[in-house]
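Listed below are the residues making up each chain.
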Amino acid sequence: MQIRKGLNSDLARLEYCDFSFTVSQVARGPFINNDLKIETLPCAYNKTYELDIQTLENHCINPDAIFLIAETEAGQVAGFITASLSWNRFISVDYIAIESSHRRAGAANKLMAAAHIWARSMNAAGLKLETQNVNVPACLFYRNYGFTLGGYDRYLYNALAEKDEIALFWYYMMNFMSGK
């Protein structure tokens, strides 16, 4: 699997990928010290995120942003990541998505490592991102990668269909002596 710079021509390819996932567990509070109380749901359901193509296009041209693609040896899209420099010198991971048929093959790790390298080149204070408490596999990935749960928002999605979801905010503080 290789990581390369994403191009405008990749945007149409992303629309054919399956980035959905099955929600069978949920993380419950109190969300302190990276402790996630994971609860199995009685009924699993499928969750799909809409891609914001305009945001992805902006990452292609913004010098303070990146758009990276993970591609298999056969040229299939395995996933992508977008990130941008925020006002507080943190790199905001705006999107990270892995195609369902390529999960658990290392794409997420490689994409995050590439974003990490870019963050270092930008002299960033660290990485930050947001996910939902229903995306337990993502939460566990971020925690295992070295992110710290920095906070949550119970009301961020209240106006949406996902009003029962809780936004979780994860931070990775840059340590320039670290091997990651």
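About the thresholds
Residues numbered from 1 in each chain as written. Predicted model: local features only at pLDDT ≥ 70, side-chain atom pairs only at ≥ 80, totals over all residues. Heavy atoms only, no water. Helix = DSSP H or I, 4+ residues; strand = E, 2+ residues; numbered from the N terminus. Rg over C-alpha atoms; globule rule 2.2 N^0.38 Å. Buried < 20%, exposed > 50% of the residue type's maximum accessible area, 1.4 Å probe, protein only. Contact = heavy atoms within 4.5 Å. Core = buried A, V, L, I, M, F, W, Y, C linked by side-chain atoms within 4.5 Å. 1 Å grid on protein atoms, 1.4 Å probe; cavity = no way out; pocket = protein on both sides within 12 Å on 5 of 7 lines; lining within 4 Å. Points joined across faces, edges and corners; volume = space filled by probe spheres on them. Nonpolar A, V, L, I, M, F, W, Y, C, P; charged D, E, K, R; others polar.

## Concerning the overall build of the protein chain
Item 1. Broken down by element type, the protein chain carries four helices and nine strands.
Item 2. Across the protein chain, helices and strands are ordered from the amino to the carboxyl terminus as β-α-β-β-α-β-β-β-α-β-α-β-β.
Item 3. Its C-alpha atoms give the protein chain a radius of gyration of 16 Å, near enough to 16 Å, the size a compact globule of 180 residues would have.
Item 4. Overall, the protein chain is about 40 × 40 × 30 Å in size when its C-alpha atoms are taken along their principal axes.
Item 5. Out of the 180 residues in the protein chain, the part that is buried amounts to 44%.
Item 6. For the protein chain, the proportion of contacts with a sequence separation of at least 24, taken over those separated by at least 6, is 64%.

## Quick notes on the nonpolar core
Item 1. M112, L127, Y142, F147 and W170 are the most contacted members of the largest nonpolar core, which totals 35 residues.
Item 2. Residue assignment for this core shows that the elements contributing at least two residues are β4 (65-71), β5 (77-85), β6 (90-98), α3 (107-121), β7 (126-132), α4 (136-145) and β9 (167-173).
Item 3. Ranked by residue count, the leading element in this core is α3, at eight residues.
Item 4. Not counting residues within four places of it along the chain, the set of residues in contact with L127 comprises F90, I91, V93, M112, A115, H116, A119, F147, W170, Y171 and Y172.

## Some thoughts on the layout of surface pockets
Item 1. Taken as a whole, the largest pocket spans an internal volume of roughly 1300 Å³.
Item 2. In terms of lining residues, the largest pocket is bounded by 41 residues, among which I96, T131, N135, A138 and Y142 are the most central.
Item 3. Elements with a contribution of two residues or more to the lining of the largest pocket: β6, α3, β7, α4 and β9.
Item 4. Here the lining of the largest pocket gets seven residues from one element, more than from any other, and that element is β6.
Item 5. Considered class by class, the residues forming the lining of the largest pocket number 22 nonpolar, 10 polar and nine charged.

## Focus on unusual backbone geometry
Item 1. In this chain, G29 is followed by P30 through a cis amide linkage whose omega measures 25°.
Item 2. With respect to the helices and strands, the residue P30 is situated in the loop between β2 (21-28) and β3 (37-47).
Item 3. In the Ramachandran plot, F31 falls in the positive-phi region, its phi being about 60° despite a non-glycine side chain.
Item 4. For F31, the location among the structural elements is in the loop between β2 and β3.
Item 5. One non-glycine residue, R89, adopts positive backbone phi at about 70°.
Item 6. Here R89 lies in the loop between β5 and β6.

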